[in-house]
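Summary of structural features
Letter by letter, the chains look like this.
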Amino acid sequence: MTTSFQQGFQLRRDSFGKLVLTTAEGEEHVGVIPVRAFPIQAPTRGISMVREGGKEVAWIDDLAEVPEQVRTLVQEEIEGREFIPEILHIKSVSSFATPCTWYVQTDRGDTEFVLKVDEDIRRIGEASLLIADNHGINFLVRDMFDIDKQSRRILDRFL
């Protein structure tokens with residue numbers, strides 16, 4: 001049986017740093033992991049708390065609706081496991097033919113990566129893009145229509 005946050009559960013870290021979820025009935029689940037249902041389109045909505053073996057023990061409809069302490073623990077755990085830098089600005093590319101090097105500003109700082117083939121740019125939904133580099137790291141463009149004009153012009157050459 002899955003517990004939603006509205007039914008009440010507590011979340012804390014144990015002495016080993018693992019998340020411990022306690023249901024309203026007092027049942028403890030040690031080492032739970034938050035998993036986003038829609039990590040790109042709705043990163044703060046639909047979060048499943050799963051225990052070992054992938055069995056869901058709790059559900060959070062929206063992180064904005066949970067107490068600050070629970071929200072902070074869930075966000076820390078997700079950020080520690082997920083690594084998808086978001087591209088905020090494309091400074092330049094070495095060439096408009098692949099393979100080419102992209103010089104970008106992300107939410108985690110400036111970096112560069114090699115785009116091997118045009119097919120490594122995938123559309124996710126209406127406006128989002130995932131760009132895989134030559135090492136398999138995915139970079140996110142959350143909204144290609146909302147990014148600055150220079151970055152949009154560069155993207156248009158590859159889409």
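See the structure above.
Below is a short write-up of the structure. (Residues numbered from 1 in each chain as written. Predicted model: local features only at pLDDT ≥ 70, side-chain atom pairs only at ≥ 80, totals over all residues. Heavy atoms only, no water.)

Examining the overall build of the protein chain
For clarity, the threshold we go by: Counting from the N terminus, the helices are the DSSP runs of H or I reaching at least four residues and the strands are the DSSP runs of E reaching at least two. Every radius of gyration here is taken over C-alpha atoms, with the globule rule written as 2.2 Å times N^0.38, N being the number of residues. Contacts are assigned to residue pairs that have any heavy atoms within 4.5 Å of one another. For every accessible area listed, the method is Shrake-Rupley and the probe measures 1.4 Å; residues are considered covered only by the protein chains on display. When charges are counted, Lys and Arg contribute as positive and Asp and Glu as negative, whereas His and the chain ends are disregarded. Where a charge lies is defined by one atom per residue type, namely NZ (Lys), CZ (Arg), CG (Asp) and CD (Glu).
Secondary structure summary: the protein chain contains two helices and 13 strands in total. Its C-alpha atoms give the protein chain a radius of gyration of 19 Å, clearly above 15 Å, the size a compact globule of 159 residues would have. For the protein chain, the spread of C-alpha atoms along the three principal axes comes to 60 × 30 × 25 Å. Of all intrachain contacts in the protein chain linking residues separated by at least 6 positions in sequence, the fraction that spans at least 24 positions is 38%. Accessible surface for the protein chain amounts to roughly 9100 Å². Of this, 49% is attributable to carbon and sulfur atoms. The distance from the centre of the 19 positive side-chain charges to the centre of the 27 negative ones in the protein chain is 3 Å.

A short note on the layout of surface pockets
Stated formally: Think of a 1 Å grid over the protein atoms and nothing else: a 1.4 Å probe that fits but is trapped marks a cavity, an open set flanked by protein within 12 Å on at least five of seven lines marks a pocket, and residues with an atom within 4 Å of a point count as lining. Grid points are joined across faces, edges and corners, and a volume is the space filled by probe spheres set on the points. Under the scheme applied, nonpolar residues are Ala, Val, Leu, Ile, Met, Phe, Trp, Tyr, Cys and Pro; charged residues are Asp, Glu, Lys and Arg; polar residues are all the others, including Gly.
Of the pockets and cavities examined, the largest pocket occupies roughly 350 Å³. Looking at the largest pocket, it is lined by 17 residues, and the ones nearest its centre are R36, P39, P43, E82 and R142. Here the element with the most residues in the lining of the largest pocket is helix α1 (residues 68-81); it accounts for three residues. Counted by class, the lining of the largest pocket contains eight nonpolar, two polar and seven charged residues.

Function cannot be read off these values alone, since they describe shape.
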